[in-house]
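Listed below are the residues making up each chain.
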Amino acid sequence: MQTDEKTCIVPNLWFDGSAREAVDFYLEALPDCHVTDVSHYPHEGLPPFQEAMAGQELTIEFTVAGQRLVAINAGAEFRPNPSISLMLNFDPSVDAQAQERLHRVWQALGRGGTALAPLGETSFSRCFGWMQDRYGVCWQLILTDPRGAPRPFVLPSLLFAGPQRGSALPAIEYYVDVFRPRAEMAGLGTVIPHSRTDKDPTDDASADGLLEFADFQLCGQWLTAADDTGSADFTFTEGVSLQVDCADQTEIDRLWALLSSSPEAEACGWCRDRFGVSWQIVPANIGELMQRPKAYERLLGMKKIVIDELLAS
C-alpha cells in the first residue's frame, strides 16, 4: 500500500473521553498503524468545563499507512458521523492479498460497530463496505480496480448530505482554488456524475445533477467527495475536522480568510467553511508552540491563531 509521510491535511477525530481507548483499538484493527505523538492538557489555566481533564491526554497523533490522523480527547460536545469518513483503499496491484486483508480489517472494525453498507460486490467494486465503528468513526473499505490510477491507502471522504446535498462539485472546485497557491499539487482526478437508470425503481429523480463520486488533490494529498443520493439526515460537524499545517502567519491569514464563513464557529484556530466543513488552521509547529508557558490559556482566547501572541512571554 502507498504511503505519504508529507500529508498536510490531517483529519481530526473527536472522542468523548475515549481517545486512548479508540487509538488502541485502531492499532489492533488497522494495518501499518502507529502512534507518533501525544499532547496533554496543562495542569493549570483550564476553563471550568475542562478542569477535570488537567494533565490528561489532549491529542494522540497516529498514522495509518503514512496518513496522519489525530484523536482529540475531549467531551460530549461533538461526535463523528458519516459526513466525513476514511476510505481504505485495498489495491490488488500492490498487494496480492488485498481482498483477504480487506475482510480482516472489516471484521476488526466491526467489533461493536454498525455496517452502514454491507460488505459485498457493487457496481463500482468487487468488494465494498461502509462501517461506523463503536466510537462513531466511519470507514469505507474498497477493493480497488487495479487497472485504475494508483491512489494512497487512506483517503478522507466527504459526503454532502442534508442541506449541503448538491454541493460536492462546487465545494471541490472551491477547495482546489483555495489550496492551489501552495507549492504542492491541487486538482481534480476522477469525476463521476450520478446517473439515474430506469432499471432501478428506487432511483430518485431528484438525484439528477448530483455527484456520485470524485477524487481530488489538495497539497498533493488525495481526498474524495460525493453527494448523498438518498435522504440522509446528517451533515458536517466538528466531530471530524480537517487540520491544515501552515508555514507561517501569512498562510494562516490567507486560508482563514478563504475558509471561515461562520463567525460563531470560530475558536482556537477552528473555523467552518461555506459548505459546513470544519477546518483547523494551525501553525505547522503548533505542538512546539503549545509547550510555552500559558500558551494553552492564550489559545483559548483566540479565534484565528496569531503566532506572535502564542510566543509572548
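This report concerns the structure included in the present document. Note that the coordinates shown come from a computational prediction; the quantities given were computed from them, not determined experimentally.

1. Focus on the overall build of the protein
And then number 1: Of regular secondary structure, the protein possesses 7 helices and 15 strands.
And then number 2: Scaling as 2.2 N^0.38, a compact globule of 313 residues should have a C-alpha radius of gyration of about 20 Å, and the protein matches this with 20 Å.
And then number 3: Taken along the three principal axes of its C-alpha coordinates, the protein extends 65 × 40 × 35 Å.
And then number 4: Taken as a whole, the protein presents about 14,400 Å² of accessible surface, with 51% of it coming from carbon and sulfur.

2. Some details on the pattern of salt bridges
And then number 1: Applying the stated criterion across every chain yields a total of 11 salt bridges.
And then number 2: With a shortest N-O distance of 2.8 Å, R20 and E57 are connected by a salt bridge. In this pair, R20 is assigned in helix α1 (residues 19-29) and E57 in strand β3 (residues 57-64), connecting sequence segments 37 residues apart.
And then number 3: A salt bridge links R151 to D215, with the nearest nitrogen and oxygen atoms 2.8 Å apart. Of this pair, R151 sits in the loop between β8 (138-143) and β9 (154-160) while D215 sits in strand β11 (residues 211-218); the two residues are 64 residues apart in sequence, bridging distant segments of the chain. Across the pair, D215 and R151 agree in class, each one buried.

3. Some remarks on unusual backbone geometry
And then number 1: One non-glycine residue with positive phi stands out, namely D32, at about 50 degrees.
And then number 2: Following the sequence through the fold, D32 ends up in the loop between α1 and β2 (33-40).
And then number 3: By relative accessible area, D32 is classed as partly exposed at 38%.
And then number 4: Even without being glycine, C219 reaches a positive phi, approximately 60 degrees.
And then number 5: Along the polypeptide, C219 turns up in the loop between β11 and β12 (221-227).

4. Regarding empty space enclosed by the protein
A probe matching the size of a water molecule, rolled over the atoms, marks out where space remains unfilled.
And then number 1: Within the structure shown, the criterion is met by 2 cavities of 30 Å³ or more.
And then number 2: In this model, the second largest cavity occupies a volume close to 30 Å³.
And then number 3: Among the residues forming the lining of the second largest cavity, the class breakdown is 4 nonpolar, 4 polar and 1 charged.

What counts and how
- Residues numbered from 1 in each chain as written.
- Predicted model: local features only at pLDDT ≥ 70, side-chain atom pairs only at ≥ 80, totals over all residues.
- Heavy atoms only, no water.
- Helix = DSSP H or I, 4+ residues; strand = E, 2+ residues; numbered from the N terminus.
- Rg over C-alpha atoms; globule rule 2.2 N^0.38 Å.
- Areas by Shrake-Rupley, 256 points an atom, 1.4 Å probe, with all protein chains shown as cover.
- Salt bridge = Lys/Arg side-chain N within 4 Å of Asp/Glu carboxyl O.
- Buried < 20%, exposed > 50% of the residue type's maximum accessible area, 1.4 Å probe, protein only.
- 1 Å grid on protein atoms, 1.4 Å probe; cavity = no way out; pocket = protein on both sides within 12 Å on 5 of 7 lines; lining within 4 Å.
- Points joined across faces, edges and corners; volume = space filled by probe spheres on them.
- Nonpolar A, V, L, I, M, F, W, Y, C, P; charged D, E, K, R; others polar.

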